[in-house]
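In case you want the letters, here they are:
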Amino acid sequence: MKTINNIYNFSGTEKTYITIGTFDGVHFGHQKIIEKLVLEAKLAGKKSILLTFFPHPRMVLQKDSKIALINTIKERETLLAKTGLDYLIIHPFSKEFSMITALDFVENLLVNKLNVSKLIIGYDHHFGKNREGNIKQLTGYSKQYNFNVEEIPAQDIDEVSVSSTKIRAALASGNLKTANNYLGYSFMISGTVVNGKQLGGKIGFPTANIDVKESYKLIPKTGVYVVQSLIENQVVFGMMNIGNRPTVDGDYQTIEVHFFDFDKNLYNKQLTIELIYFLRDEHKFDSVASLIVQLKKDEETARAYLLTNF
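In this text, all values refer to a predicted model and were calculated from it rather than measured experimentally.

How each quantity is defined
Residues numbered from 1 in each chain as written. Predicted model: local features only at pLDDT ≥ 70, side-chain atom pairs only at ≥ 80, totals over all residues. Heavy atoms only, no water. Helix = DSSP H or I, 4+ residues; strand = E, 2+ residues; numbered from the N terminus. Expected span 1.5 Å × (residues − 1). Buried < 20%, exposed > 50% of the residue type's maximum accessible area, 1.4 Å probe, protein only. Arc of directions from axis to C-beta. Contact = heavy atoms within 4.5 Å. Pairing = 2+ DSSP bridges. Axes fitted to C-alpha atoms, helices over the stretch in contact; angles between N-to-C directions. Core = buried A, V, L, I, M, F, W, Y, C linked by side-chain atoms within 4.5 Å. Phe/Tyr/Trp six-rings, centres within 6.5 Å; stacked < 30°, edge-to-face > 60°.

(A) Quick look at helix α10 (residues 288-309). Over its 22 residues, α10 runs 31 Å from end to end, which matches the ideal 32 Å to within 8%, given 1.5 Å per residue. Burial in α10 covers these residues: L291, Q294, L295, D298, E299, A302, Y305 and L306. Buried positions in α10, seen along its axis, are confined to an arc of 150° and lie on one side of it. Exposed residues lying more than 90 degrees from the buried face of α10 are E300, L307 and T308. On its buried face, α10 sits against β9 (223-231), β10 (234-243), β11 (254-259) and β12 (270-280).

(B) Structural context of the sheet that holds β11. Strand order in the closed barrel formed by six strands is β7-β8-β11-β10-β9-β12, with antiparallel pairing between adjacent strands. Taken over all neighbouring pairs, the strand axes of this sheet differ in orientation by 45° on average, direction set aside. Each of β9 and β12 is contacted by helix α8 (residues 176-183), which is oriented at about 130° to β12, the strand it contacts most. The sheet strands contacting α10 are β9, β10, β11 and β12, and the helix crosses β12 at an angle near 95°.

(C) Looking closely at the nonpolar core. F187, I210, M240 and F259 are the most contacted members of the largest nonpolar core, which has 53 residues in total. Not counting residues up to four positions away in its chain, the partners in contact with I210 are S190, G191, T192, V193, I255, V257, L271 and I273. Core analysis: the second largest hydrophobic core is formed by 29 residues, I89, F97, V106 and Y145 among them.

(D) Molecular detail of unusual backbone geometry. A cis amide bond links F54 with the next residue in sequence, P55, at an omega value of 5°. One can find P55 in the loop between β3 (47-54) and α2 (57-61). Phi is positive for E232, close to 50°, though the residue is something other than glycine. Along the chain, E232 falls in the loop between β9 and β10. Positive phi is not limited to glycine here, since D261 has a value of about 50°.

(E) Just the packing of aromatic side chains, in detail. Scanning the entire structure with this criterion turns up 11 aromatic pairs. Judged by centre distance (5.1 Å) and plane angle (80°), the ring pair of F10 and Y87 falls under edge-to-face. With F10 in the loop between β1 (2-4) and β2 (16-20) and Y87 in strand β4 (residues 87-92), the pair connects residues that are 77 residues apart, well separated along the chain. F10 sits in the buried class, given a relative accessible area of 3%. For Y87, a relative accessible area of 17% translates into the label buried.

Everything listed here is a matter of coordinates, which is why it stays silent on function.
Following this line, the structure appears as structure tokens:
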């Protein structure tokens, strides 16, 4: 898959099959649509394109929107690269871009720039200035500009929407098993390892503090999780705490990972942490000594889970 960061940078001359959308989560409902696109394009001898926009339109048009996305744009790109797509086009969304009319979008971008042969799109898809474009207009434009439109059935689109809602709700409640089942992979958090207060090392549980720069990234329920990460081509397991560290009077949320049987300097490294099991809620303990006792129990429980499931 080739990633192109602006529609206008696309220079292919071959006819294409295109789908358009956010595809946040790239969950099994999304995968079903993408598999259809990729298969149909291959059978027709055409190239497949997934066109998405970043920032998310709501982040631009609704400044007070408290949007929380399942994936960062980089995580989404990594997941989409596994689907067999020929091209992922991430076009910058801006207020200026939102003013393009539906006709200009179809004629200048889909037809003249992306060489669309077939557009696979949801029944409820709207596009162009004031969201004026819809499936009915697309069908009309397709006859005018000689491309086909295939409407994704309502039940498939509804399945995508319901799945996304259930994933977000499951992550907010700590129901990681349900979230991962709907995703078809382990929910991930990506960020840079930064300096913390180094309390973990002092109590025998050194941690990597993960700084997630993307403010729009959905962070799941506070608590302790069993996790894994690929570090220098090695899968390393551990446990992660998301929370405010109430036992030591923490006043802001941190994401801290204690890796098992691993002792390397990770500062400034970019890590992707996969959450595989929810251990427990975050608690305030009477003392640091009580916290250490609990952390030892957490590690025992985590290792037992890993021994059984991995």
